[in-house]
Amino acid sequence: MLSSRGIKKAELPKIPWRYAPPHTYNKESNPAGLISFGMAEHVTFTEDSVGYGSSSSTPNRLPKAVASHLNNILKPLSPIEPETVIVASGITAIGSMLSFTLAEPTDGILVSRPVYGRFELDYGVEADVQIVYADTDPEEAFTPAVVDKYEAALKRAEENGTKVRAVLIVNPHNPVGAWKFSGSVINTNSISSVTKYTHPVSLTRETRMLSLSLRSYLSQDNQDFAAGGLHLGFLITQNTALRQACKAILSVPTPRLHNASTASITIGATILEDQDFITQFTQESRQSLASTYRIATSILNHEGINYVKGGNAGFFIYIDLSSYLPYPDRSVREREFALAQRFLDAGVFLHPGEEHGKESGWFRLVFAHEEQVLREGLWRFCEVLADAKVF
């Protein structure tokens with residue numbers, strides 16, 4: 001069910017002549033194509049501008065490549081079709097469009113915490129949608145124990161007059177670094193299939209939500225996949241009205257808001273179309289992540305630093321530095337910021353816990369670095385903690 005704004009925006013593409021059709025003419029490759037006098041300029045990416053050929057079919061290449069790639073990885077019950085793929089300029093853009101089209105201002109999105117802290121911006125800056133937190137223990141990310149905490153948070157939100165319109169599930173979990181399934185109710189970084197680097201002992205078979213028959217329990221409307229480095233994000237939905245609303249925001253086919261650049265689209269499509277490269281990259285990425293995870297956790301273990309064990313995906317380790325917080329007479333957040341500043345002064349940066357969780361003293365450590373860089377950073381990190389013991 002769309003918000004009133006979403007319903008209104010979904011109707012915009014139906015208004016005749018509201019959007020200028022794309023310029024498709026090319027003297028050599030498409031001499032019969034449309035010459036648009038509806039726009040002041042046309043920019044065509046040539047071999048000189050992007051390094052390899054680009055044509056009017058470029059925007060269509062990426063949805064086809066994404067659908068093929070995810071079908072290969074996720075093995076969905078119903079194959080993903082290219083027309084269900086919406087391309088935008090990243091996961092932040094996808095979040096903003098979803099909140100704008102699915103929720104009214106001051107409605108809520110329910111998410112467990114600890115979690116990536118910037119969802120408040122992604123879903124709130126443009127659409128004024130609230131993030132409703134269900135606080136859990138860090139180890140509970142994908143356990144049945146979260147259900148009761150979701151229900152309690154939902155009840156509190158309703159009592160406070162906030163209507164929860166959707167549930168946001170982050171997988172691989174950020175910042176805990178756990179992976180459980182590929183797919184979610186709204187939000188999943190399905191690059192998990194690349195960044196999953198090991199299996200926990202209890203996980204004997206991958207559970208993929210898109211491969212399960214969940215029609216009686218969950219809407220299959222909303223999935224997404226992101227490639228942050230290229231500023232590419234993908235919303236995959238069978239909800240026709242939602243696609244229309246998002247296309248209106250994007251002003252498809254004429255780019256306007258939250259659109260990915262043609263260069264990024266060309267690069268992204270080229271990468272995903274090269275299955276040999278994808279296979280090689282996936283294998284090397286898993287090996288590299290597994291190696292750097294072992295290095296980081298071995299040093300943490302040696303130093304006696306507590307962290308959430310059993311990480312098997314993503315780039316994060318969630319570490320407990322509560323015993324190292326300085327200035328016991330100050331507020332918790334001031335103490336976290338003070339420790340974070342000490343790290344920064346020593347040439348190493350960690351996200352303090354205020355962005356991710358309610359419990360004090362937890363920090364997120366990203367371990368996906370070259371080995372020499374990782375070891376140097378961890379040496380500086382340990383030096384700060386050694387000095388902290390003096391205070």
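Residues numbered from 1 in each chain as written. Predicted model: local features only at pLDDT ≥ 70, side-chain atom pairs only at ≥ 80, totals over all residues. Heavy atoms only, no water.

Going by an unreviewed UniProt entry, the protein chain carries the name dna, SC003 and comes from Aspergillus oryzae.

Bringing the confidence of the model for the protein chain into the picture now. Per-chain confidence: the protein chain averages 77 in pLDDT, with 74% of residues scoring 70 or above. When pLDDT is averaged over each helix and strand of the protein chain, the minimum, 42, is found for strand 5 (residues 223–227) and the maximum, 94, for strand 7 (residues 306–307). This stretch, residues 37–46, has a pLDDT under 50; its non-local contacts, to residues over four places away or in other chains, come to 13 contacts. Here residues 181–195 scores under 50 on pLDDT; set against residues more than four positions off or in separate chains, the count is 73 contacts. (pLDDT = per-residue confidence, 0-100. Helix = DSSP H or I, 4+ residues; strand = E, 2+ residues; numbered from the N terminus. Contact = heavy atoms within 4.5 Å.)

Our focus in this paragraph is the nonpolar core. Formed by 27 residues in total, the largest nonpolar core has its most connected members in Ile-319, Leu-321, Phe-343, Phe-363 and Phe-381. Those elements that provide at least two residues to this core are helix 10 (275–303), strand 8 (316–320), helix 11 (332–345), strand 9 (362–366) and helix 12 (371–388). It is helix 12 that provides the largest number of residues to this core, a total of 7 residues. In this structure Ile-319 touches Leu-300, Asn-306, Tyr-307, Leu-350, Gly-361, Trp-362, Phe-363, Leu-365 and Phe-381, once residues within four positions along its chain are discounted. (Core = buried A, V, L, I, M, F, W, Y, C linked by side-chain atoms within 4.5 Å. Buried < 20%, exposed > 50% of the residue type's maximum accessible area, 1.4 Å probe, protein only.)

Across a sheet, strands are paired by hydrogen bonds formed along the backbone, either parallel or antiparallel in direction. A sheet is described by the order of its strands in space; here 3 strands give the open sequence 3-2-4, paired in parallel fashion. Every other strand in the sheet has two partners, leaving strand 3 (130–135) and strand 4 (164–168) as the edge strands with one partner each. Here the strands of the sheet are splayed against their neighbours by 30° on average, with no regard to which way each runs. Relative to strand 4, strand 2 (residues 108–113) runs parallel, the two being bridged by 4 bridges. From the neighbouring strand, Ile-109 faces strand 4, where its bridge partner is Ala-166. Running over the sheet, helix 6 (residues 145–159) touches strand 2, strand 3 and strand 4 and is turned about 140° from strand 3. (Pairing = 2+ DSSP bridges. Axes fitted to C-alpha atoms, helices over the stretch in contact; angles between N-to-C directions.)

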